[in-house]
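# Examination of the molecular architecture
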Amino acid sequence: MSDKATLEINGTSYELPLVVGSENEVAIDIKTLRGATGGVITIDPGYKNTGSCESAITFLDGEKGILRYRGYSIEELAEKADFLEVAYLLIFGELPTQEQLDKFHSDIKHHSVVDDDVKKIIEAFPKSAHPMGVLSSLTSALTAFNPSSVDVDSEEEMYNAIVRILGKFPVLVAWTMRKKHGLPLEYGDDSLGYVENVLKMMFKSPNKEYEQNEILVNALDKLLILHADHEQNCSTSTVRITGSSHAGLFVSLAAGISALWGPLHGGANQAVLEMLEAIKEDGGDTKKYMAKAKDKSDPFRLMGFGHRVYKNFDPRAKIIKVAADEVLGDLGVEDPILDIAKGLEKEALEDQYFVDRKLYPNVDFYSGIIYRAMGIPVEMFTVMFALGRLPGWIAQWREMRLRKEPIGRPRQLYTGETYRPFKTINER
Ligand code: ACO
């Protein structure tokens, strides 16, 4: 294959280098385009054809259903690693030795207390506040209590900022839920594993001991691993572009949380459960909703089905489906919403419309079901997604800063009015 692409504009040819990734993906390098052509730019709303960076963190192939973190398959990681090992892998590039993992966990635990004044901020939010808005605000607020800028050339400062946020974030996650439920804002227990501690902080009732349930711990661990990174999606790109102005790590993460909130991104897991609730309220007739989803004059879509990148299957959905079956079976959960979900899944997988369009259940279809079975309230689903995505955002922010990427500043094609003289107020 040639190592150049040729572009012809008004009879003049321009040669643009081709760049090849480690999985043989090919990109046209247009860095010199505007200068060479005297101002021509490319336009690609939604960046469907545009690589925003080179990255060595996550590889995904939507056609083949492949997802790998730092070269390791998501299937193997979900089966053999725990969330903290995966976090270490994503951020630092290699699986940790036992010694590295112990130190990482101990450093995170050292930082798992937030300034008590953060409670005053939480108290000021109404109970009706959506937890994602609260989480984003609290993550930003951490900059007021901790150094806001990191000297990225200092490995030590970078490491400290990373373990600090990994320690404090689960506290913020738990407190956003406890505030909503009127529970006291308590700390976790340093003797526990990372995920066990998250569950205890979220669910511990003030008047009794919290009993760990291994099934829930394993299910949450898997869910967090599956959500830990997904290359340059909307929230991750937001974290990178925010950090590209040399804004600090915590505020860059707060921006990512806001981006994740939307129903077209992380908010889809909440939308799935709301759809299932609506079907139940309407009598539980799944066939009626299947017909609505296929009716082109009806805007209704089956939430949790289809994916922009994965067109054959979502590898995360495969893993999570098994986990969902285990959790529901082991917990002996009986819930009409879950019956509706299973009914829809079965019908859609056998339906020609869905088969022809390669519409399979995505990760959000099952994650909402597991979270519900675990007793996590619907409005916390996207917060749990954020907890899982945290190491991915950190890894991408770190990579962007270490590669000394320039500030993100897209161009535009202006389509507004050309020059017109100002009209005084009486002339308008
Ligand atoms: N229900 C019914 N029909 C659907 C659905 C659905 N969920 N998804 C796609 N289709 C149909 C479209 O109507 C279209 O039909 P046509 O070819 O007859 O016009 C065809 O399938 C292709 O759909 P597109 O919208 O072009 O597919 P695209 O790749 O752009 O969209 C998306 C992917 C946004 C995920 C879409 O499938 C969807 O809206 N799904 C429901 C929302 C959802 O679950 N989002 C979470 C995604 S996972 C994540 O973000 C972590």
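A brief report on the enclosed structure follows.

Cut-offs and rules
- Residues numbered from 1 in each chain as written.
- Predicted model: local features only at pLDDT ≥ 70, side-chain atom pairs only at ≥ 80, totals over all residues.
- Heavy atoms only, no water.
- Buried < 20%, exposed > 50% of the residue type's maximum accessible area, 1.4 Å probe, protein only.
- Helix = DSSP H or I, 4+ residues; strand = E, 2+ residues; numbered from the N terminus.
- Pairing = 2+ DSSP bridges.
- Salt bridge = Lys/Arg side-chain N within 4 Å of Asp/Glu carboxyl O.
- Phe/Tyr/Trp six-rings, centres within 6.5 Å; stacked < 30°, edge-to-face > 60°.
- Lys NZ or Arg CZ within 6 Å of the ring centre and 35° of its normal.

To continue, consider the pairing of strand S5 (residues 66-69). Alternating residues of S5 divide into Leu67 and Tyr69, all buried, and Ile66 and Arg68, none buried. In this structure, strand S4 (residues 58-61) lies alongside S5, joined through four bridges in antiparallel fashion. Along S5, the bridge assignment pairs Thr58 with Tyr69. Between the end of S4 and the start of S5, which pair antiparallel, lie four residues, with Gly65 showing a positive phi angle near 70 degrees. Judged from the two bridges that link them, S5 and strand S6 (residues 72-73) form a sheet pairing that is antiparallel. In the strand pairing of S6, Tyr69 is matched with Tyr72.

The next point concerns the pattern of salt bridges. Counted according to the given criterion, the structure contains 22 salt bridges. For Arg240, the salt bridge goes to Glu399, with nearest N and O atoms at 2.8 Å. Taken together, the residues span a long stretch of sequence, with Arg240 in helix H10 (residues 234-243) and Glu399 in helix H18 (residues 381-402) at a distance of 159 residues. Arg403 serves as the salt-bridge partner of Glu399, at 3.7 Å between the closest nitrogen and oxygen.

Our next topic: the packing of aromatic side chains. Summed over all chains, the structure comprises 12 aromatic pairs. With 6.0 Å between their ring centres and 80 degrees between their planes, Phe92 and Phe104 make a pair best called edge-to-face. Of this pair, Phe92 sits in helix H3 (residues 83-92) while Phe104 is found in helix H4 (residues 98-110), placing the two residues 12 residues apart along the sequence. Given the relative accessible area of 0%, Phe104 is considered buried. Aromatic rings pair up to connect Phe305, Tyr353, Phe354, Phe365 and Tyr366 into one cluster. For the cation-ring pair, Lys318 lies above Phe313, with the distance from its terminal atom to the ring centre recorded as 4.3 Å. Over the face of the ring belonging to Tyr353 we find Arg357, whose NZ or CZ atom lies 3.8 Å from the ring centre.

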